[in-house]
Amino acid sequence: MGPVRAEAAGLAKVWWLCGAWLDYSGRRVFPGGCFFYSVSVEYDARPGPVRDEIAEALSDWSRDVERVLEEARLAGGFRNEAGAADVPQLACEVTALMELANARSVLHGDPMAYERAGRGILGRLRAAAAAPDELPERPPAFGSPS
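Below: a short report on this structure. Note that the coordinates shown come from a computational prediction; the quantities given were computed from them, not determined experimentally. (Residues numbered from 1 in each chain as written. Predicted model: local features only at pLDDT ≥ 70, side-chain atom pairs only at ≥ 80, totals over all residues. Heavy atoms only, no water.)

### Structural notes on the nonpolar core
Right, so step 1: With 30 residues, the main nonpolar core has L22, L69, F78 and I121 as its most contacted residues.
Right, so step 2: At the level of secondary structure, the elements contributing two or more residues to this core comprise α1 (11-26), α3 (49-74), α4 (87-108) and α5 (113-128).
Right, so step 3: Ignoring sequence-local partners within four residues, the contact set of L69 consists of V14, F78, V87, L90, A91 and L125. (Core = buried A, V, L, I, M, F, W, Y, C linked by side-chain atoms within 4.5 Å. Buried < 20%, exposed > 50% of the residue type's maximum accessible area, 1.4 Å probe, protein only. Helix = DSSP H or I, 4+ residues; strand = E, 2+ residues; numbered from the N terminus. Contact = heavy atoms within 4.5 Å.)

What follows is the structure, encoded as C-alpha cells:
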C-alpha cells in the first residue's frame, strides 16, 4: 500500500491501486502467484494461528481497498444514485477480479487473465463513476512473469 498512500483521493487512486496489484501479481514476484491467495486456499479450513494470521492479512487488504474506495466516494468520484457507490460491494468485486486473474494465470497459464481482470475492474468503476472519463478506457499491458 505504500506508494498509493501518496496519491490524491479519487478514482485515479483506486485504479492505480488495482493496476499496481495486477502488475505486481503478473510479474510473479512470488513463484506460483500471490502468496496470500495460495496459502489462504491451503489454510482456510484449518483452525489455528497460521490460518488466523492469513485471515488477518487478507482482512487488512480488504480494509485498504475499501478505504481507498471510500475516499474516492467522499471526494465525489462516484455518482450519487442509490447503490452506485456501494463501497463494500465494489471492494468485493474488484478484489474478486484480481484474485481470479491470479488463479487463472497460475493454474491455466492464461496470459490474458490480468488484462481481462483490468477490463472488468475498469468497467465496474466506470459504471459507478461520476466522471468515467477520468479512468482509462483500457488497461495497460501488465507485468510479465520472469
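### What about the packing of aromatic side chains?
By convention here, two paired aromatic rings are described through the distance between centres and the angle between planes.
Right, so step 1: Inspection of the entire model under this criterion finds two aromatic pairs.
Right, so step 2: Judged by centre distance (5.2 Å) and plane angle (80°), the rings of F35 and F36 are edge-to-face.
Right, so step 3: On the accessibility criterion, F35 (40% relative accessible area) is partly exposed.
Right, so step 4: With a relative accessible area of 35%, F36 lands in the partly exposed category.
Right, so step 5: Taking NZ or CZ as reference, R46 lies 4.7 Å from the ring centre of Y43, over its face. (Phe/Tyr/Trp six-rings, centres within 6.5 Å; stacked < 30°, edge-to-face > 60°. Lys NZ or Arg CZ within 6 Å of the ring centre and 35° of its normal.)

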